[in-house]
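One-letter residues, chain by chain:
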Amino acid sequence: MVNSQEILKIKDLEKSFDGVPVLNRLTLTVKRGEVLVVIGPSGCGKSTLLRCLNGLEPVNGGQIVFEGQILTSFQTSWSRVRQRIGMVFQNYELFPHFNVLENILLGPVRVQGRKKSEALEKAEFWLNRVGLWDRRESFPRQLSGGQKQRVAIVRALAMDPEIMLFDEVTASLDPEMVREVLDVILNLAKEGLTMIIVTHEMAFARAVADRIIFIDQGVIVEDSPPETFFENPATDRARRFLNIFQFDGVQRGSRGTGPKTVPVRL
Amino acid sequence: MDFEFITARAPLFGQAARLTVTLAFWGIIFSSAVGLVCAVIRFYRVPLLRQAAAGYIELARNTPLIVQLFFLYFGLPRLGVVWDGETCAIAGLTFLGGGYLAEAFRGGLSAVGRGQIEAGLSIGLNRFQLLRYVIIPQALAVALPAISAAVIFLMKETSVFSIVALPDLMYVAKDLLKEGYSGESNLMLVASYLVVILPVSLAFGYWERRLRFAGFGS
Ligand SMILES: Nc1ncnc2c1ncn2[C@@H]1O[C@H](COP(=O)(O)OP(=O)(O)O)[C@@H](O)[C@H]1O
Ligand SMILES: [Mg+2]
């Protein structure tokens, strides 16, 4: 029986590198239309989790079921599955020898065999949405980081994926460009696209998430709605992690005029 | 300088140059195919084939062409395989060039970032499409200087073809030396090689500059 509400079911997922476990029997279910934000300290396995979901890393154990299809099988045709799972990387990874439009059309035309005119229409729609239609002939090297990342998002969306994976997509950006990328993702969330987002932007996480999971040492330590997670984390580990982003009660230093707080809006 | 001699013998050099170019052309085309196959085998670490390719590359690069030709022209017949001079020349150049071009291509392939490959995979490209649309165009841009050096090296190596009795440029020049016109013959020999090789060299230079402007990296 396939529960039509569930788009992705991960059960007891295990992944290790050279015998060192990174994901420890991780279990997680994602519902259709859900925006799941994954938070956790560096090296806890967030990227590894995403990479296992579209076959960039072979897993060592457990099961991944996507739309009723078992992905953790020798027979998985990853080329087919990846057409339905969009992925956006921290470093954009646009193809440098193709211009914006060629980057976007490669998948729909060459992989999915769509008509060029139809793919072009879709590319125009998305590029307009992210404000880059007039840059369609530009090469990646002519774009800013924020523009490159928006093109990378469109490249993934142009395939009509059923779920999108975002791996710290603003981590390489200058602060003034972070917002333009996050706004694109926020709009996608509003439209009900299923997404798994790894981020260190806490304010964004809170705004975009239907649900937050906190991972530490390869296991899910907390799994809760954003309000609960940020205001009332259940575990010590999550609380300590969140404190890194807080400046409340930090002394201003020797020349300070007494204790002052610099609250960070979450 | 006897210009009458030069004009009289120029057609001879023209013919010889055409033979040199033809042999070099096919040798380099086949070398590229062999080199590309070897480089891709090593890139994807195909078991067994990978060791075979590595062995072949060492053998090709560390033996002189003249020895390879000797084997093909004088050795193979003893094993019952008789090839004519042209076949031996093209086969020999392919054997040598395959090794050099494999190394040139490999340098380019290893310069393509892991992230680029994963980005290609993530939009569903299969192995072949990944090579064609993502890996080879980028590898080619990086490898072009090495490819250019190898191609020009191979064109110059054709000068030993006369040992398999082919009337190429060297062969014709040697013949004329016997007539005692050493200055004229040498001049025509140098000029002929320049006419053949210089355009190739310039074309590669132009291509390299164009790719640089296309701006790879970052
Ligand atoms: N290809 C790899 N080879 C070996 N170790 C790896 C590899 N990829 C990730 N790791 C290790 O796995 C752990 C989790 O990495 P990652 O999933 O990238 O963490 P995160 O994205 O949460 O920062 C880290 O300790 C990292 O060093
Ligand atoms: Mg990561």
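Refer to the structure presented above.
Residues numbered from 1 in each chain as written. Chains lettered and ligands numbered in written order. Predicted model: local features only at pLDDT ≥ 70, side-chain atom pairs only at ≥ 80, totals over all residues. Heavy atoms only, no water.

S.K.: I'd like a rundown of the overall build of chain B, residues and numbers included.
M.R.: When you go through chain B residue by residue, the secondary structure sums to 8 helices and 0 strands. In chain B, the order of α-helices and β-strands from amino to carboxyl end is α-α-α-α-α-α-α-α. For chain B, the proportion of its 218 residues judged to be buried stands at 44%. Within chain B, residue pairs in contact and separated by at least 24 positions form 77% of the contacts whose partners lie at least 6 positions apart. (Helix = DSSP H or I, 4+ residues; strand = E, 2+ residues; numbered from the N terminus. Buried < 20%, exposed > 50% of the residue type's maximum accessible area, 1.4 Å probe, protein only. Contact = heavy atoms within 4.5 Å.)

S.K.: Describe the pattern of salt bridges, naming the residues involved and giving the relevant values.
M.R.: Inspection of every chain in the model, using the stated rule, returns 23 salt bridges over all chains. Taking the shortest distance from any N to any O, the salt bridge between A:R237 and A:D216 comes out at 3.2 Å. In this pair, A:R237 is assigned in helix α9 (residues 236-243) and A:D216 in strand β9 (residues 211-216), connecting sequence segments 21 residues apart. Residue B:E179 is joined to B:R9 by a salt bridge in which the shortest nitrogen-to-oxygen separation is 3.0 Å. Note that B:E179 is positioned in the loop between α7 (169-178) and α8 (182-214) and B:R9 in helix α1 (residues 3-43), a separation of 170 residues in sequence. Residue classification places B:E179 among the partly exposed positions, given a relative accessible area of 43%. Here B:R9 falls in the partly exposed class, since its relative accessible area comes to 24%. Overlapping salt bridges, with partners in common, bring together A:K15, A:R51, A:E57, B:R114 and B:E118 in one network. (Salt bridge = Lys/Arg side-chain N within 4 Å of Asp/Glu carboxyl O.)

S.K.: Please give an account of empty space enclosed by the protein that cites residues and values.
M.R.: Considering all chains together, one arrives at 2 cavities of 30 Å³ or more under this definition. Empty space within the largest cavity amounts to approximately 50 Å³. As for the largest cavity, its lining consists of A:R82, A:G86, A:M87, A:A152, A:R155, A:A156, A:M159, B:S122 and B:I123. Elements supplying a minimum of two residues to the lining of the largest cavity: β6 (85-88) and α5 (145-157) of chain A. The computed volume of the second largest cavity comes to approximately 30 Å³. Lining the second largest cavity, in full, are A:F166, A:E168, A:V169, A:T170, A:L182, A:I185, A:I197, A:V198, A:T199 and A:F204. Elements with a contribution of two residues or more to the lining of the second largest cavity: α6 (175-190) and β8 (194-198) of chain A. Taken together, the residues of the lining of the second largest cavity sort by class into 7 nonpolar, 2 polar and 1 charged. (1 Å grid on protein atoms, 1.4 Å probe; cavity = no way out; pocket = protein on both sides within 12 Å on 5 of 7 lines; lining within 4 Å. Points joined across faces, edges and corners; volume = space filled by probe spheres on them. Nonpolar A, V, L, I, M, F, W, Y, C, P; charged D, E, K, R; others polar.)

By themselves, these are just geometric observations and shouldn't be taken as functional.
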